[in-house]
Amino acid sequence: MGERLGALPVRLWPRGAGIGASGELTIQGISVHELADRFGTPLFVYDEDEVRARIDELRSGLGALQVTYASKAFSAVAMARIVADTGLWWDAASAGELEAARRGGVPAERIVLHGNNKGVDELLLADEVGVGRIVVDAHEELERIARLGLGRRRLWLRVVPGIEAHTHAFVRTGQVDSKFGLQLDDGSAERALTWARAHGLTVVGIHAHIGSQIFDLDPFGELAGRMGAVREAWGVDEVSLGGGIGVPYVRDERAPTLEEWGRSIAEATTLAGMDPERTFVEPGRALVAPAAITLYRVGVVKRIPGVRTYVAVDGGMSDNPRPVLYGSGYEAVAAGRLEAPHTTAMRVVGKHCESGDVLVANALLPEDLAAGELIVTPVTGAYGYSMGSNYNRLPRPSVVMVRDGVAREIVRREQLDDLFRLEVGS
Ligand SMILES: Cc1ncc(COP(=O)(O)O)c(C=O)c1O
Ligand SMILES: N[C@@H](CCCC[NH3+])C(=O)O
């Protein structure tokens, strides 16, 4: 309670974060100066122990329920290895995410194929790999699955539960007006079930996902109740309640712990009569977001007297598009001097040719912040690297994972040549 590391509450940092001899941020004892010198900037640094601890925390709340990691949050092969090692399932929403699981050694029977418009190639790959479940999102997909002769695959039908979670409109998915899933309210989900059964397809469960970055536990309780009723009416055994648990990104935000979320889901699903071993949750963000930080090098500090100070770093919307897409908040601090007073409001921006290329709209930083310093944004482990781009032909950053006090590069920094490897005749 009230614990801080430098200017920020401890809950925004991975558990391996500390303060080094010269007042700089360390991750499992490794100085950010060393990390930046070795791997360059911008740099994603994951504390692997934090990822593993979060998996344990969630499981201690959930008991026997199954956990599927929503790999869209961060789908590196090294992450798939952690999933394989800890016995989680892997949610893949494309052939690429499926391939990451395969390369990371996730057993095929623990892969769940998602997507609201799966291509024939993706379905065929899923079949060849032997994925454990395919989540059907639309009637056309059922037809495609039947036509391709994949009737023996275990299917879940994704239904729209008609629950509005209070989160950003772009990441809300459980309401009636959604591109995802089969509507329950107008009978199309039930018609899909009847069609599937009539065509010899194997529907073993139902799935719903109400949205992302949800802080309130109540919608999940409501969802469990609704899904319990559908499960019974349809006579299926398996239920997935999707993901969506939120995490704090900025100093004033608070979210339930993973254990609390797990416990409340375990209670609600028991109450709804579900078999815990056949009940799934599917979090992405909550397992990885707080496990990583991004290190940037400051290149320009532009002070406009009486107006604002802009701090330009060597990355931007290409490594973290969330502020631009959703207006998401982040914190930024001077990574080389965590204990200096952080009291001057500055706008941290990227190096893209867009005025909207903002990383932190109002960061509190040391007044004398200067070019050449490192700054760090915590809580960048989810939907950062995975939603990154090459806009302005910026190379994607390197990603480092730290375990047992050792940092290893898990994704190399893109080089200029990588940016041209697809261009014919270049
Ligand atoms: C089907 C599905 N499952 C799981 C998730 C994971 O969501 P989150 O990262 O919010 O836990 C998402 C993304 O919102 C999703 O679309
Ligand atoms: N990508 C979003 C969440 C959507 C998750 C995928 N359904 C985010 O960064 O918050």
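Residues numbered from 1 in each chain as written. Chains lettered and ligands numbered in written order. Predicted model: local features only at pLDDT ≥ 70, side-chain atom pairs only at ≥ 80, totals over all residues.

All right, on to helix H3 (residues 77–86) then. Buried within H3 we find Ala78, Met79, Ala80, Ile82 and Val83. Where H3 is buried, its residues touch helix H2 (48–62), strand E7 (66–70), strand E8 (89–92), helix H4 (95–103), strand E22 (398–403) and strand E23 (406–411). (Buried ≥ 20, exposed ≤ 12 C-beta atoms within 10 Å, placed from the backbone. Helix = DSSP H or I, 4+ residues; strand = E, 2+ residues; numbered from the N terminus. Contact = placed C-beta atoms within 7 Å.)

In the sheet, strand E11 (residues 154–160) pairs with strand E13 (residues 202–207) via five bridges, with the strands oriented parallel. For Arg158, the partnering residue across the bridge sits in E13 and is His207. Read from E13 through helix H8 (residues 218–234) to strand E14 (residues 238–240), the crossover connection turns out right-handed. (Pairing = 2+ DSSP bridges. Right-handed = clockwise from strand over helix to strand, strands pointing away.)

Now for the UniProt feature "binding site: pyridoxal 5'-phosphate" (unreviewed entry) in the protein chain. The feature "binding site: pyridoxal 5'-phosphate" (unreviewed entry), as given by UniProt, occupies Gly244, Glu282, Pro283, Gly284, Arg285 and Tyr383 in the numbering adopted here. Inspection of the secondary structure puts Glu282 in the loop between strand E15 (279–281) and helix H10 (285–288). Every residue in contact with Glu282, bar those within four places of it in the chain, is listed here: Thr68, Ala70, Asp91, His209, Ser240, Gly242 and Gly243. Position of Gly284 relative to the elements: it lies in the loop between E15 and H10. With near-sequence residues (within four places) excluded, Gly284 lies in contact with Tyr69, Ala70, Ser71, Lys72, Ala73, Gly243 and Ala382. (UniProt positions renumbered as here; feature names shortened; annotations may be inferred.)

As recorded in UniProt, the feature "modified residue: N6-(pyridoxal phosphate)lysine" (unreviewed entry) lies at Lys72. Mapping Lys72 onto the fold places it in the loop between E7 and H3. Contact partners of Lys72, with chain neighbours within four places excluded, come to Ala93, Glu97, Gly284 and Ser386.

Right, let's talk about the sheet that holds strand E5 (residues 30–31) for a bit. Spatially, the three strands line up as an open sheet ordered E3-E4-E5, and their pairing is antiparallel. In the strand order of this sheet, the two ends are held by strand E3 (17–19) and E5, each with one partner. Sheet analysis places strand E4 (residues 25–27) next to E5, joined by two bridges and oriented antiparallel. Within E5, the residue paired with Ile27 across the bridge is Ile30.

This brings us to the pairing of strand E16 (residues 292–304). By the bridge criterion, four bridges tie strand E6 (residues 43–47) to E16 in an arrangement that is antiparallel. When the sheet's bridge partners are listed, Phe44 is paired in E16 with Thr294. Here five bridges tie E16 to strand E21 (residues 374–378), and the two strands are oriented antiparallel to one another. When the bridges of E21 are listed, Tyr296 appears paired with Ile375. As judged from the six bridges shared by E16 and strand E17 (residues 308–313), these two strands associate in the antiparallel manner. Residue pairing in the sheet places Arg303 in a bridge with Thr309 of E17. The antiparallel hairpin formed by E16 and E17 contains three residues in its connecting segment, where Gly306 sits at a positive phi of about 75 degrees.

When the domains of the protein chain are assigned, the result is domain 1 (4–47 + 291–419) and domain 2 (48–289). If you average the C-alpha positions of domain 1 and of domain 2, the two centres end up 31 Å apart. Taken together, the contact pairs 29 residues of domain 1 with 24 residues of domain 2. For the side of domain 1 that touches domain 2, the secondary structure elements donating two or more residues are strand E2 (8–9), E6, helix H11 (322–326), E22 and E23. With four residues, E22 is the single largest residue contributor to the side of domain 1 that touches domain 2. (Domains from an automatic or database assignment.)

Moving on to the nonpolar core. Among the nonpolar cores identified, the biggest contains 126 residues, and Val45, Trp90, Leu295 and Ile375 are the most heavily contacted of them. Counting contributing residues per domain, this core is built from domain 1 (4–47 + 291–419) and domain 2 (48–289), each supplying no fewer than three. (Core = buried A, V, L, I, M, F, W, Y, C linked by C-beta atoms within 7 Å.)

Relative to the elements of secondary structure, Ala53 occurs in helix H2. Accessibility expressed as a C-beta count within 10 Å gives 16 for Ala53, which makes it partly exposed. Between the C-alpha atoms of Ala53 and Ala291, which are 238 residues apart in sequence, the distance is 9.7 Å.

At their nearest, the axes of H4 and helix H5 (residues 120–129) sit 10 Å apart, and the two run at 20 degrees to each other. Considering the angle they form, H4 stands roughly parallel to H5. The way H4 lies across H5 gives a crossing that is left-handed. Of the residues in H5, those touching H4 at Ala95, Leu98 and Arg102 are Asp121, Glu122, Leu125, Ala126 and Val129. Counted by class, the contact of H4 with H5 contains five nonpolar, no polar and three charged residues. (Axes fitted to C-alpha atoms, helices over the stretch in contact; angles between N-to-C directions. Parallel < 35°, antiparallel > 145°, perpendicular 65-115°, else oblique. Left-handed = near helix turned anticlockwise from the far one by under 90°. Nonpolar A, V, L, I, M, F, W, Y, C, P; charged D, E, K, R; others polar.)

This brings us to the confidence of the model for the protein chain. Looking at the protein chain as a whole, the pLDDT averages 96, with 97% of positions reaching at least 70. Taking the mean pLDDT of every element in the protein chain, the minimum, 94, falls on strand E12 (residues 182–183) and the maximum, 99, on E6. Under the prediction, the complex receives an ipTM of 0.98, its pTM being 0.97. (pLDDT = per-residue confidence, 0-100.)

For the peptide bond that leads from Thr41 to Pro42, omega is -10 degrees, which places it in the cis range. With respect to the helices and strands, the residue Pro42 is situated in the loop between helix H1 (32–39) and E6. One non-glycine residue, Asn392, adopts positive backbone phi at about 60 degrees. The residue Asn392 is located in the loop between E21 and E22 in this model.

Turning to the packing of H8 against helix H9 (residues 258–271), a few remarks are in order. Relative to each other, H8 and H9 sit at 25 degrees, their axes nearing to 8 Å. The pairing of H8 with H9 is recorded here as roughly parallel in orientation. As H8 packs across H9, the resulting crossing turns out to be right-handed. From H8, Phe220, Gly221 and Ala224 reach across to H9, where they touch Ser264, Ile265, Ala268 and Thr269. Residues of the contact of H8 with H9, tallied by class, amount to four nonpolar, three polar and no charged.

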